[in-house]
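# Notes for the structure review
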Amino acid sequence: MASSSGTCSGSSTQLQNSGSEGDLQVMMDQRKRKRMISNRESARRSRMRKQKHLDDLVSQVAQLRKENQQILTSVNITTQQYLSVEAENSVLRAQVGELSHRLDSLNEIIEVLNASTADPMLNNNNNNNNNTFFNPFNMGYLNHPIMASADILQY
């Protein structure tokens, strides 16, 4: 009997070992399954984060392109305004030059007329009738203002 109980206890240990090996295998399979599920969920979250990041970058690119287009439009408008002002300045500079030349000419005419009226030969009493012509106070055409127009100077 001793040998049969020894055999029994050996087989019972083998059954226990097989049972615990089976349980261990089941537990390992469950852990493996949980780990797989966890990894799949983690990969899914990672893909979602990656997609969200990609969507954010695409949105940012669209926004930057829009801003770039607005800046380009603003630069073009500013350039057109600059060219317009530059052309106007060029016209004004030409007008200033022309008007300065006219003023110099008129000043020379006034100097000549003043020099003529100051001439003692013209101021004698015998030529009193001719003297009124050279008297600047009697010259009606000198009392008129000089008018200039931008239309005159455009070529």
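Residues numbered from 1 in each chain as written. Predicted model: local features only at pLDDT ≥ 70, side-chain atom pairs only at ≥ 80, totals over all residues. Heavy atoms only, no water.

Put simply, the test is: UniProt positions are given in the numbering used here, feature names are shortened, and annotations may be inferred rather than shown by experiment.
Looking up the protein chain in an unreviewed UniProt entry gives the name Ocs element-binding factor 1, with the organism given as Cajanus cajan. In its Subcellular location (unreviewed entry) section, the UniProt entry covering the protein chain states "Nucleus".

## Details of a positive patch on the surface
Which entries qualify depends on this criterion: Note that patches include only residues with greater than 30% relative accessible area and no salt bridge, and the join distances are 9 Å for like charges and 5 Å for nonpolar side chains (Val, Leu, Ile, Met, Phe, Trp, Tyr). Each accessible area is a Shrake-Rupley estimate made with a 1.4 Å probe; only the visible protein chains count as cover when residues are assessed. What makes a salt bridge here is a side-chain nitrogen of Lys or Arg within 4 Å of a carboxyl oxygen of Asp or Glu, nothing more. Neither His nor the chain ends is counted toward charge; the positive residues are Lys and Arg and the negative residues Asp and Glu. Where a charge lies is defined by one atom per residue type, namely NZ (Lys), CZ (Arg), CG (Asp) and CD (Glu). Each helix is a run of DSSP H or I of at least 4 residues and each strand a run of E of at least 2, with the numbering of both proceeding from the N terminus.
On the surface, a cluster of positive charge is contributed by R31, K32, K34 and R35. Mapped onto the fold, K32 is located in helix α1 (residues 2-117).

## As for the pattern of salt bridges
Condition: Exposed residues in this analysis have more than 50% of their type's maximum accessible area, buried residues have under 20%, and partly exposed residues fall in between, with area computed by a 1.4 Å probe over protein chains only.
If you walk through the whole model with that rule in mind, you get three salt bridges. One salt bridge connects E41 with R44, and the closest N-O pair in it is separated by 2.2 Å. One end of the pair, E41, and the other, R44, are both in helix α1, three residues apart, so they sit about a helical turn from each other. Its salt-bridge partner being K52, residue D56 comes within 3.2 Å of it at the nearest N-O pair. One end of the pair, D56, and the other, K52, are both in helix α1, four residues apart, so they sit about a helical turn from each other. Take D56: its relative accessible area is 41%, and that puts it in the partly exposed class. When its relative accessible area of 52% is taken as the criterion, K52 is described as exposed.

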